[in-house]
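# Working through the structure, step by step
So you can see what is in the structure, the chains are spelled out below.
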Amino acid sequence: MGPGDFRRCRERISQGLQGLPGRAELWFPPRPACDFSGDGGSTDIQEEALAASQLLEDLRRRLTLAFQWAVQRAISRRVQEAAAAAAREEQSWTRVEATLARLRAELVEMHFQNHQLARTLLDLNMKVQQLKKEYELEITSDSQSPKDDAANPE
């Protein structure tokens, strides 16, 4: 094994890791690192490379599941927050409509009371005018009667 073989192995490993999850590329499991022919340890290296590949695949699967779970949880939370906001807005509109209904009822009641007060004031004004006329008639009749008494001395 020469220095060039080690460099080629590193290049092959780095090429296999370019498709990591979270990138726009697809995931491709890494190829076995190196094939050292003629060496008795090549099967050990291949087994280690296979074990590393399986480990990386397991990590990729776990990360993918964790990411999907986190995304689903975030989406669920956003949906719940949106539903809660919609419910709050609906309650707010319900309160506004109830308040408007109470104000309308108060306005109708005030309008009715206004008409009653206007009618009462008109009645009072008529009575005052009537009392004025009666008083004036009484004064004029009283003023005429002392003259009559002075003209008729008994």
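These numbers come from a predicted model, not from an experiment.

On a plain count of helices and strands, the chain comes out with two helices and zero strands. Here the chain holds 154 residues, and the buried ones make up 7% of them.

Let us now look at the pattern of salt bridges. Under the criterion given, the structure shown has three salt bridges. The partner of R60 in a salt bridge is E57, with the nearest N and O atoms 2.4 Å apart. With R60 and E57 both in helix α2 (residues 42-151) and three residues apart, this pair spans about one turn of that helix. Judged by relative accessible area, which is 21%, R60 ranks as partly exposed. Across the salt bridge formed by D58 and R61, the nearest N and O atoms sit 2.4 Å from each other. On the criterion of helical spacing, the pair formed by D58 and R61 is a turn pair, its members being three residues apart in helix α2.

Together, F67, V71, I75 and V79 make up an exposed nonpolar region whose accessible area comes to about 370 Å². Inspection of the secondary structure assignment puts I75 in helix α2. On the accessibility criterion, I75 (41% relative accessible area) is partly exposed.

Criteria and thresholds
Along each chain, the written sequence defines residue order, and numbers are assigned to residues from 1. Since the coordinates come from a predicted model, pLDDT governs what is reported: local features require at least 70, and pairs of side-chain atoms require 80 or more to be given and counted, while whole-chain, interface and lining totals use all residues. Values reported for side chains reflect all heavy atoms of the structure, with hydrogen atoms and water molecules removed beforehand. Secondary structure is summarised from DSSP: a helix means a run of H or I of at least four residues, a strand means a run of E of at least two, and numbering begins at the N terminus for each. Whether a residue is buried, partly exposed or exposed follows from its accessible area with a 1.4 Å probe, protein chains only, as a fraction of its type maximum: under 20%, in between, or over 50%, in that order. Throughout this description, the term salt bridge denotes a Lys or Arg side-chain nitrogen within 4 Å of a carboxyl oxygen of Asp or Glu. Residues enter patches when their relative accessible area tops 30% and they take part in no salt bridge; the joining distance is 9 Å for like charges and 5 Å for the nonpolar side chains Val, Leu, Ile, Met, Phe, Trp and Tyr. The Shrake-Rupley method, run with a 1.4 Å probe, gives the accessible areas here. Residue values count only the displayed protein chains as cover.

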